Amino acid sequence: MRAGDELPPLEIPITRTLIVAGALASRDYQDVHHDAELAREKGSPDIFMNILTTNGLVGRYITDYLTGHIGPHCTLRKVAIRLGAPNYPGDTMVLRGTVTAVDGHMAQIRVIGANGLGHHVTGTVTVLLGAAR
Amino acid sequence: MSGGDGVASGLYERLKAYEGRSAVTRGVGRDPVNAPMIRHWCEAMGDTHPAYRGPDAIAPPTMLQAWTMGGLSGHSGHHSEHSGRSTAYDELFALLDGAGYTAVVATDCEQEYLRPLRPGDRVLFDAVIESVSERKTTKLGTGHFVTTRMDVRVEGEADEGGHGRGPDGAAAAADVAAAAEPELVGTHRFRILKYAPAAKRPERAERSEKPEPRPRPVINRDNAGFWEGVAAHRLLIQRCVGCGALRFPWLPGCNACASPEWDTVEASGEGTVYSYVVLHHPPFPAFDPPYAVALVELAEGVRMVSNVVGVPYDEVRIGMPVRLAFLRVDEEWELPVFNGLVGSGA
């Protein structure tokens, strides 16, 4: 793994089911993540994905890549994300990643998840590369 | 919304006073880390990583916050005892709610993982209010960002040998009950926006019943002369007394020579379309798309943005000659617009 390496993109269809399942799996019962009518009352055109689901998807994107390309013993040390354009049902989010730094067993990956409205998520993930031991 | 700056800044000082105070004290996870919740999470995320299955399973690190969530029924039992949510945090939210910032959306999440969580781990958490931002306006609406930082710990294993240190029997017993110090397993910084939702767009039926008034310009000492001219059906261009340069829109000083001295010249009203767009979408209250918005170059040489009327929106063209008119847009408001002059060649 070297700085500049690009991760293969991961396309995630944003279904209503994914939004609701993600909200419930993260125990987030804010109405804007499952009730379209109440979401509209709060100025949103529809329900939208909660931040914990986005966080989980970013984590999955990185660990899947590491497991497939580096080895099974890589671990997440840090995930820092910022949300922008919401993930609404019917959209598609494409996650892309670029390795920005590698220092010994630590590496940093810049992640961007773009949907039809713009950047849903931008973030940096720090990983500990599996020491073959 | 109607509060002036003084009111708003007074609110901000009160919000700011909560920085550094506890948001959660001794919160206890509703459930210990457990396999079913891990499985539900992995199913929802489509995460098939082998580390999250089997006898040596760990929880996905990004689940960190999930173990601290109250869920549908909140932290039941003696509310504050389990959720640990502090009165300071409740007060801060009440202040924001009271100021109209009733909606909430999460914007940032920064997590650090010190060791994996495993089924059986009992999660404890404490959080502090790190910062409250000034009032910010976002696409969703206006509000304040609130950042909290949470330390997530896991209850220490009960030490079967006990902690019988020292001769004081009572103190030793208390020590055994408390077991080992909770171990820090992760940190979680979280930023939310507490905001006032932007006004709901009225339904079509409501709109046709009562037309919305046009948005009003902000009139101040730097542009009041322009609007006085409009009221008298005169389109006034500013002229620098220092260097004679014409300028539009109105500004307090000259961009060419920096002189603050100015007088005005009245536009003849003749001009041409320098550029234009036709607005189809989105519809704003008080406007009826499609309509043409043009950058009109006045005969005097300055340009101004206005509507081209008197010709179909789809016949407006660059270079089209136009002439000034004053359009009454509602009961008390007139605006300078331009009639497209068809047939005079473009």
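Since this is a predicted model, take the numbers as computed values, not measurements.

Q: Describe empty space enclosed by the protein, with residues and values.
A: Going through the model one piece at a time under the given rule, you end up with 1 cavity of 30 Å³ or more. By volume, the largest cavity amounts to about 30 Å³. Lining the largest cavity are Val32, Lys42, Ser44 and Phe48 of chain A together with Val104, Val105 and Tyr195 of chain B. Split into classes, the residues belonging to the lining of the largest cavity amount to 5 nonpolar, 1 polar and 1 charged.

Q: Can you tell me about the interface of chain B and chain A, naming the residues and giving the values?
A: Each partner contributes to the interface: chain B provides 35 residues, whereas chain A provides 32 residues. Summing the contributions of chain B and of chain A, the shared interface buries around 2,900 Å²; its carbon and sulfur component is 59%. On the chain B side of the contact with chain A, Met45, His49 and Tyr113 of chain B bury the most area, a combined 19% of that side's loss. Seen at the junction of chain B and chain A, the total is 1 salt bridge. Notably, a salt bridge pairs arginine 82 of chain A with aspartate 108 of chain B, separated by 2.6 Å at the nearest N-O pair. Linking chain B to chain A there are 10 residue pairs in polar contact (both at pLDDT 80 or more). Among the secondary structure elements, those contributing two or more residues to the side of chain B that touches chain A are α2 (35-45), β2 (103-113) and β6 (183-197) of chain B. When residues in the side of chain B that touches chain A are grouped by element, the largest group, 10 residues, is from β2 of chain B. Pairing of strand β2 (residues 75-83) of chain A with β2 of chain B involves 5 bridges; the strand directions are antiparallel. Within β2 of chain B, the position partnered with arginine 82 of chain A by the bridge is aspartate 108 of chain B.

Q: Pulling in residues and values, what's your account of the pattern of salt bridges?
A: Residue and element names in this part refer to chain B. Taken as a whole, this structure holds 19 salt bridges over all chains when the rule is applied. The partner of glutamate 266 in a salt bridge is arginine 234, with the nearest N and O atoms 3.0 Å apart. With glutamate 266 in strand β9 (residues 262-266) and arginine 234 in the loop between α7 (224-231) and β7 (236-240), this pair connects stretches of sequence that are 32 residues apart. Taking the relative accessible area as the measure of exposure, glutamate 266 reaches 42% and is therefore partly exposed.

Q: Report on the layout of surface pockets, specifying residues and quantitative values.
A: Residue and element names in this part refer to chain B. Reported here for the second largest pocket is a volume of approximately 550 Å³. Forming the walls of the second largest pocket are 20 residues, and the residues nearest its centre are Trp227, Met304, Val305, Ser306 and Leu335. Ranked by residues supplied to the lining of the second largest pocket, first place goes to strand β12 (residues 303-309) with 5 residues. Its residues placed into classes, the lining of the second largest pocket shows 15 nonpolar, 3 polar and 2 charged.

Q: Provide a residue-level description of the sheet that holds β7 of chain B, including the pertinent values.
A: Pairing within the open sheet is antiparallel, and its 3 strands lie in the order β8-β7-β9 (chain B). For this open sheet the edge positions go to β8 (246-247) and β9 of chain B, each flanked by a neighbour on one side alone.

Each value, and the rule that gives it
- Residues numbered from 1 in each chain as written.
- Chains lettered and ligands numbered in written order.
- Predicted model: local features only at pLDDT ≥ 70, side-chain atom pairs only at ≥ 80, totals over all residues.
- Heavy atoms only, no water.
- 1 Å grid on protein atoms, 1.4 Å probe; cavity = no way out; pocket = protein on both sides within 12 Å on 5 of 7 lines; lining within 4 Å.
- Points joined across faces, edges and corners; volume = space filled by probe spheres on them.
- Nonpolar A, V, L, I, M, F, W, Y, C, P; charged D, E, K, R; others polar.
- Contact = heavy atoms within 4.5 Å.
- Buried area = accessible area lost by both parts, 1.4 Å probe.
- Salt bridge = Lys/Arg side-chain N within 4 Å of Asp/Glu carboxyl O.
- Polar contact = N/O pair within 3.5 Å; in protein donor to acceptor, adjacent residues only side chain to side chain.
- Helix = DSSP H or I, 4+ residues; strand = E, 2+ residues; numbered from the N terminus.
- Pairing = 2+ DSSP bridges.
- Buried < 20%, exposed > 50% of the residue type's maximum accessible area, 1.4 Å probe, protein only.

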